[in-house]
Amino acid sequence: MKIYWIKAQAPRRVLALVKHLGVQAEFIDISRGLKTPEFAALNPNMKAPVLLDGDTVLWESAAIMAHLCVRESCDMWPARNPQEQIEVLRWLAWTDCHWAPAVGPFYFEHIVKKTFGIGAPDRAALVAKVSNLKTFAAVLDAHLRSHSHIACDRLTIADFAAASMATDWREAEMPMEPFPNIVRWLDGLMRLPAWAEPWPEKRSAAA
Ligand SMILES: N[C@@H](CCC(=O)N[C@@H](CS)C(=O)NCC(=O)O)C(=O)O
């Protein structure tokens with residue numbers, strides 16, 4: 001199995017799950033090759049992550065996570081329970097449509113720019129983004145008041161999807177203090193070793 005990755009939130013979901021499941025894989029840092037014809041042939045979107053598993057070529061981190069769970073018989077994607085699938089799908093869709101656009105600007109200004117050396121955070125631009133973040137954080141916080149996890153009251157791929165941009169919320173200066181249930185959930189995920197440190201080890205030049 002091969003995983004093409006860069007040090008960013010969507011690959012983080014997949015890398016953390018691979019580590020959490022103890023799956024053997026070859027990790028290919030594609031940060032310098034995203035826009036090449038060879039990589040475009042694997043993913044026409046020219047984005048990471050991409051998974052190669054036998055004849056399967058898969059892009060979109062949620063689909064890759066589901067594939068890994070099916071392969072490893074892990075109920076973080078509830079392949080055998082349609083009602084639970086619906087619940088996980090609900091939160092995956094909510095993450096893509098509402099939560100990611102709400103937390104994404106903070107993640108971009110403070111984490112992406114620093115990781116890829118593309119300038120200082122534009123804090124002034126984030127002032128107008130606070131209201132939208134609070135709107136959807138209130139939804140998630142109310143849900144987590146009576147639930148340990150995002151879906152099914154156990155760890156699922158919906159947790160990794162929803163947490164991937166928000167996990168460094170303190171460094172990203174996201175105004176999460178009014179949302180204690182989100183903070184409890186995000187801090188709880190950080191106690192999973194695979195979530196806290198998902199990145200493949202850097203191979204030495206000689207390796
Ligand atoms: N919805 C996609 C998002 C993929 C995506 O946007 N990947 C980003 C990293 S988080 C990327 O490759 N960015 C590099 C670029 O756009 O040049 C998924 O979940 O896999």
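Residues numbered from 1 in each chain as written. Predicted model: local features only at pLDDT ≥ 70, side-chain atom pairs only at ≥ 80, totals over all residues. Heavy atoms only, no water.

**Focus on the state of the cysteines**
Thinking step 1. Going through the model one piece at a time under the given rule, you end up with zero disulfides.
Thinking step 2. This cysteine, C97, is not joined by any disulfide, and C152 carries the nearest cysteine sulfur, 19 Å off.
Thinking step 3. With no disulfide of its own, C152 lies 11 Å from the sulfur of C69, the closest cysteine sulfur. (Disulfide = S-S within 2.5 Å.)

**Considerations on the nonpolar core**
Thinking step 1. Membership of the largest hydrophobic core comes to 70 residues, with the highest contact counts inside it found for W99, I157, F160, M174, M176, I182 and W185.
Thinking step 2. Considering every element that reaches this core, the biggest residue donor is helix α4 (residues 82-116), with 12 residues.
Thinking step 3. If you count residues domain by domain, this core takes at least three from each of domain 1 (2-76) and domain 2 (82-194). (Core = buried A, V, L, I, M, F, W, Y, C linked by side-chain atoms within 4.5 Å. Buried < 20%, exposed > 50% of the residue type's maximum accessible area, 1.4 Å probe, protein only. Helix = DSSP H or I, 4+ residues; strand = E, 2+ residues; numbered from the N terminus. Domains from an automatic or database assignment.)

**Regarding unusual backbone geometry**
Thinking step 1. Omega for the bond connecting A48 with P49 falls within 30 degrees of zero, at 10°, which places this linkage in the cis form.
Thinking step 2. Here the phi dihedral of M46 falls at roughly 60°; this positive angle occurs in a residue that is not glycine.
Thinking step 3. Along the chain, M46 turns up in the loop between α2 (37-42) and β3 (50-53).
Thinking step 4. Classification of M46 as partly exposed rests on a relative accessible area of 27%.
Thinking step 5. Not every positive phi belongs to a glycine, and E60 is a case in point at roughly 85°.

**Considering helix α1 (residues 9-21)**
Thinking step 1. Between its first and last C-alpha, α1 extends 19 Å over 13 residues, near the 18 Å set by a 1.5 Å rise per residue.
Thinking step 2. Here α1 has its buried residues at Q9, A10, P11, R12, R13, V14, L15, A16, L17 and V18.
Thinking step 3. Those residues of α1 that are buried are in contact with β1 (2-5), β2 (26-29), α3 (61-72), α4, α7 (157-163) and α9 (193-196).
Thinking step 4. A positive phi of about 70° marks G22, the residue just after α1. (Expected span 1.5 Å × (residues − 1). Contact = heavy atoms within 4.5 Å.)

**Observations concerning the packing of aromatic side chains**
The description of an aromatic ring pair uses the distance of the two centres, along with the angle that the planes make with each other.
Thinking step 1. Taken as a whole, this structure holds six aromatic pairs when the rule is applied.
Thinking step 2. Taken together, a centroid distance of 5.7 Å and an interplanar angle of 50° make the contact between Y4 and F39 tilted. Of this pair, Y4 sits in strand β1 while F39 sits in helix α2, placing them 35 residues apart in sequence.
Thinking step 3. Between F160 and W195, the ring centres sit 4.6 Å apart and the planes meet at 25°, which makes this aromatic pair stacked. Separated by 35 residues along the polypeptide, F160 in helix α7 and W195 in helix α9 bring together distant segments of the chain. Each member of the pair, F160 as well as W195, carries the same accessibility label: buried.
Thinking step 4. The structure contains a cluster of three or more aromatic residues connected by ring pairs, namely W91, W94, W99 and F136. (Phe/Tyr/Trp six-rings, centres within 6.5 Å; stacked < 30°, edge-to-face > 60°.)

**Focus on the site of the ligand**
Thinking step 1. K35, K47, A48, E60 and S61 are the nearest of the 13 residues found near the ligand.
Thinking step 2. Within the contact set of the ligand, an oxygen atom lies 2.9 Å away from a side-chain nitrogen or oxygen of K35.
Thinking step 3. Contact distances for the ligand include 2.8 Å between a nitrogen atom and a backbone N or O atom of A48.
Thinking step 4. Across the complex, the protein chains shield 73% of the 510 Å² of accessible surface that the ligand would expose by itself.
Thinking step 5. With four residues, α1 is the largest single contributor of residues to the shell around the ligand.
Thinking step 6. Among the residues forming the shell around the ligand, the class breakdown is seven nonpolar, two polar and four charged. (Near = heavy atom within 4 Å. Polar contact = N/O pair within 3.5 Å; in protein donor to acceptor, adjacent residues only side chain to side chain. Areas by Shrake-Rupley, 256 points an atom, 1.4 Å probe, with all protein chains shown as cover. Nonpolar A, V, L, I, M, F, W, Y, C, P; charged D, E, K, R; others polar.)

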